[in-house]
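Remarks on the overall topology
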Amino acid sequence: MAPSLFSQLSTLGACLALLYGLLLLWRRNLGSYVDAFQGQSVVLAVLFGVVGYFGHDPELYFVATVFVALKVFLMPYYLRRMQDRFAVERERDPYLNVPASLILAGLLVILAYAVMRPVVTISSLPTRSGLPLALALVFIGLLVILTRKKAFTQVVGFLILENGITLLALLGTYGIPLIVELGVFLDALMGFLVMQIFIYQLHGTFESIDVDQLNQLRH
Amino acid sequence: MIDTLFIGMILAYGFGASAALVFGRGSIGRWLVAVGSVLGAGAGLAIGIAVIAAGTPVEASIPGLFSFAGGLLVRLDSLGAFFLILIGLGAIPTALYGASYSKTYEDGRGSLRQLGLMLNLFLFSMSLVVMAGNIFTFLFAWECMSLTSYFLVITEANEPETLGAGSWYLAMAHISLVFLTILFLLLSGGDWSASFNSLRSGAAVLSSPLRNVLFVLALIGFGLKAGIVPLHVWLPLAHPVAPSHVSALMSGVLIKMGIYGLLRVVLDLLGGGPAWWGGVVLGVGSVSAVLGVLYALMEHDLKRLLAFHSVENIGIILIGIGAGLIFRSYGLITLALLGFIGGLYHTLNHAVFKGLLFLGAGSVLHATHTRNVEKMGGLIKSMPWTAFFFLIGAAAISALPPLNGFVSEWLVFQALLGGFQIPKPEMAIIMPLAVGMLALTSGLAAACFVKAFGITFLAIPRSPEAEQAHESSWSMRLGMGMFAVLCVALGVLPFAVVPQLSRVMTGLGGLPASPAAFSFNLTLQSPAAFGQMSPPIIALGLVVILGLIPVGMRIFRINQKRRVSATWACGQISQTPRMEYTATAFAEPLRRVFAQLFRPTKELSIDFHPDSKYFVQSIEYRSEILPWFERFLYRPLLEMFHFSARQVRRLQSGSLHLYLLYTSLALVLLLVVARWIK
Amino acid sequence: MMSFLLEIGQGLLALALAPGLVGFVRWIKARLQARRGAVPWQPYFELAKLFGKDVVISSNASWLFRAAPYIIFGSTLAVACLVPTIFAPLPGDGVGDLLAVVYLLLLGTFFLALAGLDPGTAFGGMGSSREMTIAAIAEPTIALAIFGLALGAGSTNLGRIVTNTLANPILALSPGYLLAFAALFIVTLAETGRLPVDNPSTHLELTMIHEAMILEYSGRYLALIEWAAGLKLLIFFSLLANLFVPQGLATTLTPTSLLMAGFIFIGKLAFLGVVTAVLETRVAKLRLFRVPELLSVSFVLALLSVISSFLLR
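What you see is a predicted model; the values in this text were computed from it and never measured.

**Overview of the overall build of chain A**
A count of helices and strands for chain A gives 7 helices and 0 strands. The C-alpha atoms of chain A give 18 Å as radius of gyration, which agrees with the globular expectation for 219 residues (17 Å, within 12%). Each principal axis of the C-alpha distribution contributes one length, and for chain A these read about 60 × 35 × 25 Å. Residues classed as buried in chain A amount to 41% of the 219 residues present. Taking the contacts inside chain A whose residues are at least 6 apart along the sequence as the reference set, 73% of them involve residues at least 24 apart.

**Points about the overall build of chain B**
Along the backbone of chain B there are 26 helices and 8 strands. Its C-alpha radius of gyration of 27 Å places chain B within 12% of the 26 Å reference for a compact globule of 678 residues. Counting only C-alpha atoms, chain B reaches 95 × 75 × 60 Å along its principal axes. In chain B, buried positions account for 55% of the 678 residues.

**Things to note about unusual backbone geometry**
Peptide bonds are mostly trans, and most non-glycine residues show a negative phi. A cis amide bond links B:Pro401 to the next residue, B:Pro402, at an omega of -5°. Relative to the helices and strands, B:Pro402 is located in the loop between α15 (384–397) and α16 (404–417). At the junction of C:Leu195 and C:Pro196, the peptide bond is cis and its omega measures out at 0° in the coordinates. Secondary-structure assignment places C:Pro196 in the loop between α7 (175–191) and α8 (210–213). The phi angle at A:His56 is positive, at roughly 55°, despite the residue not being glycine.

**Digging into the interface of chain A and chain C**
Facing 15 residues of chain A, the contacting portion of chain C comprises 12 residues. Put simply, the parts of the chain that give the side of chain A that touches chain C at least two residues each are α1 (5–26) and α4 (98–122) of chain A. With 9 residues, the top contributor of residues to the side of chain A that touches chain C is α4(A). Residues that form the side of chain A that touches chain C fall into these classes: 12 nonpolar, 3 polar and no charged.

**Points about the nonpolar core**
Judged by nonpolar contacts, the single largest core of 426 residues is most densely connected at B:Ile341, B:Leu356, B:Val435, B:Cys487 and C:Leu114. Among residues more than four places away in sequence, those in contact with B:Cys487 are B:Val352, B:Phe353, B:Leu356, B:Ile392, B:Gly393, B:Ala396, B:Leu403 and B:Asn404.

**Examining the packing of helix α5 (residues 131–147) of chain A against helix α6 (residues 151–173) of chain A**
A pair of packed helices is characterised by two quantities: the angle between their axes and the separation of those axes. All names here are of chain A. Across the interface, α5 lies against α6 with an axial gap of 8 Å and an inter-helix angle of 165°. The orientation of α5 relative to α6 falls into the category roughly antiparallel. In the packing of α5 onto α6, the handedness of the crossing is left-handed. Grouping the amino acids of the contact of α5 with α6 by side-chain chemistry returns 16 nonpolar, 7 polar and no charged.

**Some points on the interface of chain B and chain C**
Listed by partner, the interface residues are 67 residues for chain B and 71 residues for chain C. Secondary structure elements with two or more residues in the side of chain B that touches chain C: α14 (379–382), α16, α17 (425–428), α18 (430–457), β5 (532–533), α22 (535–555), β6 (562–565) and α23 (583–593) of chain B. Class assignment for the residues of the side of chain B that touches chain C results in 47 nonpolar, 14 polar and 6 charged. In this structure, β6(B) lies alongside strand β1 (residues 55–58) of chain C, joined through 4 bridges in parallel fashion. Bridging from a neighbouring strand, B:Val564 pairs with C:Ile57 of β1(C).

**Brief notes about the environment of A:Ala100**
All names here are of chain A. The residue Ala100 is located in helix α4 in this model. On the neighbour-count criterion, Ala100 (17 C-beta atoms within 10 Å) is partly exposed. For the pair formed by Ala100 and Leu25, sequence separation is 75 residues and the distance between their alpha carbons is 9.7 Å.

**A word on the confidence of the model for chain A**
With 97% of its residues at a pLDDT of at least 70, chain A reaches an overall mean of 84. Across chain A, the element-wise mean pLDDT spans from 80 in helix α7 (residues 178–206) of chain A up to 91 in α5(A).

**Things to note about the packing of helix α9 (residues 234–241) of chain B against helix α12 (residues 302–329) of chain B**
Residue and element names in this part refer to chain B. Between α9 and α12, the least distance of the axes is 8 Å, while the angle of their chain directions is 135°. As summarised for this structure, α9 and α12 are arranged oblique, according to the angle between their axes. For the pair α9 and α12, the sense of crossing is right-handed. Two secondary-structure elements touch here, α9 through Leu235, Pro236, His239 and Pro240 and α12 through Lys303, Arg304, Ala307, Phe308, Ser310 and Val311. The residue inventory of the contact of α9 with α12, partitioned by class, reads 6 nonpolar, 2 polar and 2 charged.

**Some words on the environment of B:Ser127**
Residue and element names in this part refer to chain B. Here Ser127 is to be found in helix α4 (residues 112–131). Exposure remark for Ser127: the 30 C-beta atoms within 10 Å place this residue in the buried category. Residues Ser127 and Arg75, 52 residues apart in the sequence, show an inter-C-alpha distance of 12 Å. Setting aside chain neighbours within four positions, we find Ser127 in contact with Met9, Gly44, Leu84 and Ile87.

**Focus: the environment of B:Trp676**
Residue and element names in this part refer to chain B. Mapped onto the elements, Trp676 comes out in helix α26 (residues 656–676). Overall, the presence of 7 C-beta atoms within 10 Å leaves Trp676 in the exposed class. C-alpha separation for the pair Trp676 and Ala399, spaced 277 residues apart in sequence, amounts to 68 Å.

**A word on the confidence of the model for chain B**
With 97% of its residues at a pLDDT of at least 70, chain B reaches an overall mean of 87. For this predicted complex, the interface confidence score (ipTM) comes to 0.94, while the overall pTM stands at 0.90.

Thresholds applied
Residues numbered from 1 in each chain as written. Chains lettered and ligands numbered in written order. Predicted model: local features only at pLDDT ≥ 70, side-chain atom pairs only at ≥ 80, totals over all residues. Helix = DSSP H or I, 4+ residues; strand = E, 2+ residues; numbered from the N terminus. Rg over C-alpha atoms; globule rule 2.2 N^0.38 Å. Buried ≥ 20, exposed ≤ 12 C-beta atoms within 10 Å, placed from the backbone. Contact = placed C-beta atoms within 7 Å. Nonpolar A, V, L, I, M, F, W, Y, C, P; charged D, E, K, R; others polar. Core = buried A, V, L, I, M, F, W, Y, C linked by C-beta atoms within 7 Å. Axes fitted to C-alpha atoms, helices over the stretch in contact; angles between N-to-C directions. Parallel < 35°, antiparallel > 145°, perpendicular 65-115°, else oblique. Left-handed = near helix turned anticlockwise from the far one by under 90°. Pairing = 2+ DSSP bridges. pLDDT = per-residue confidence, 0-100.

Below, the structure written as structure tokens:
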């Protein structure tokens, strides 16, 4: 059965978003993380537009615009400002080394497929083949938060996780109602600002944004 | 005719064993032992071929012997015949090699009488294992096999590590026997005299949980012998300390008895099972393959390296068998057959190339008196034949075309690639993972053998022992040469072998016979012509091209002059052995890549000059890789045993009165129990 | 008979084009780096020069050192005869499938690594060690990419993959194929010794991998090995081009279709050459211990490709 153009595009978009997420597990310097997040957000915004077009839901165009404003311009701007201050830091020695993280990410994709299988078989939406990839993106965001040492990376990981949930909502239900979407954006923005403050404080106390330094508070 | 061959086999082995006892030291004894083994193995080979050609099983029994356990029953079907052929092909070159190799024991380092006697008994008991037709014969032969091989392993009993390795081997062989005893007990429902035929028909009505338990018991019991991870620890201990031709036999033939047992019980007697059985076998096989080759990479003892590679190849065989079991449970019979054939072909190939490699290692050990690769080098010039045969073995085990390793790995790959036909995606997804792991092992094996061959044979000798090396005697070369010829033949003529393997699997566990399904003219092809390949044409093409290149160069008048001079090495003045790459250095990048798996321990101690800390007097660096099954599985187990043994020792106070008290108490207790419990 | 000759002819055509491809990539790189660069057909002159020189061998080397160039060249040429360059499906399609191709290339790598160890220099040992590490880690990616391709195309035989892809061109846009292409492209860079894995034009021994193994070779031996390396690059490019975008391959044996196919093939090679040159100019060489990370990325891509082909059937 030949997949429709809508289906192909949504799967391709989800795939691209996942690949940007993998970039966080591969690269070591903080600037590339911001680039990855930005690229992923662009893909997501385009996907919002595509779903809005094929799903005949003009509300989604508005959501896409807010998305672009927030996640392609505002948040990366703040992230880059932070990164300029901490540019010397790199993810040198994560808890799980790069090849192992990548292989684990591959296995997590398989897990996502296994978990999502009942949903995909039952669903009749054209976007259903992208659902496992969105869930995999959530897993990968979680993996980044768990295995990386720098607070900056963890923040970007959290943002990726959030993107994954948004993607899941988009593909699974053609986007959630506008009011809920705006609420989620506000939430994310608040959380992001709090984390920003946290990182600046961390750097002020320890001269480094290595989260492991928090262990020193014990003594 | 088969009866005469069988009697001939018994006589030949008996002759070899008695020749060992009678003639003892001296070349006549060694040669008669070898002749006995060769004739016995040859008879076995002939029996095997005859049975496969005939297609019907052969039975013989001596009910009078051991009648309390159902008598000695011999039943040889195609599966057993295949393994009998394997024993024969493995034993003949090895025995010839051993005739000259065991000359080193004439100075008393090891008992030649014991070696010769046990060798013949070992070969005979292995043959009996595959010919066993009832429980008792099987277990009896299994135990004889373990005992005789134990004595073979501890031949060089004066070496420090030998006895320890022998104890490990004996302990694990007996644990395997315990598991197998429980297995057969449960399978036969307590009937000790049951024959395999009755077991087969009885197994059909066994309940499902019981069958699962039986499967696990079989996997552990036979896996201990085959050497799957984590039950493999005896392999790298026992194989290096045994005499080299014994190591070749153990690695090539003995561990295959585990595979035989697994096939016999799981596929034949139990008739196959649910898909998770195959999944477990596949998983265990993949893990063994990858871990085996990773630990092999880090070894510098040539024979330990080869022993770890045996673990790897058993893993590959189990990948094929596991795939076959999975396909069988889903009714994909042709693919199942392909998986089993791939596994069996690899069994045969491994026996041949591992035998070759161990014999080569034995020649090197014989010539340089060391197993440490770091002390060798330059042997290709002093031992050209050994080097050439070892190279063929190394190329074969790295699955390079057109040799035999490539053919069996191709078959296993094709079986795994058919995995997309499995209806359940959760099960089907392990096939690509297995493909990835299989490819990783073959790449790592190639890297390991570049290291093993390159450091041992190439460049310049790294120690005085390597400088004085000499070529092995003609019979050692003959043994290696026979294996090398087999490597090439099995690689170039698979279209003749695969149909026979198809017949071997006939009727087992519901597999039908379809001899021509996997080969067509000179090519091998997988079902629905998914993949097709012709090794003889590839070999021919390679030979023709290699022959035409010099011709072409002469036609184009290319400069043919050649001068020998000092090594350039970017302008170095002189070249000493210290400048060569070492084996540790060669494996270093891979060690770093897999560091989280190996977890090497590092110790660095720097001695500074007493007057100033800016001057370093000496640096000591020590790094060790301890496999973590040893650290987390075996050490705690051994600690537990020691602890409980210490507790039990409290009972031994040394007081005679206390011991008498124990005995009387036991007697009273027995009487009470017998009187009041009817 | 005619088709058999055609098969050999394809291999010889690949052999003839290989130095040109290497020179072309070098020339584009030079232009991108604002240099004039040598002419694209410079490697032909280099080969001719090397064939004219005497061979000087280290006194430590053995017969393996002398035999290795022939084995490397021979196995690569054998692969070139099996890979579709201008015509598919080949009559000899049943001789070797993708797995056979991969292992024949491994045969060449095996002997090259041994030849690096033979003279007993530290450079050769280092090159061999690094080369075998990279080859070993690239193997699972290649196997999975083959799996992904074979799943989509229904066979591991090259000719059949080509015919099936020609029959349904939409296959080429499925995520399975695209991810497999990306994975194979990274593997191509690793196996043929291109940046960011290995710098083919470096003269610093510590940054060499391929160059370090052939440091001791000279004269006709070096010519054979360099030619084989160029041929390997062409083979990988042919696989990338003709398995994923087989449009343009001749399916009939007429002279016009063969000629057209020849030009289209050269065009595809040139395109891939330009892409490679641009990539090589943009990225820096990776530290050796970062290469497994790159190869893990390609492994995950191949795994994703297989999963999407598998589970979206």
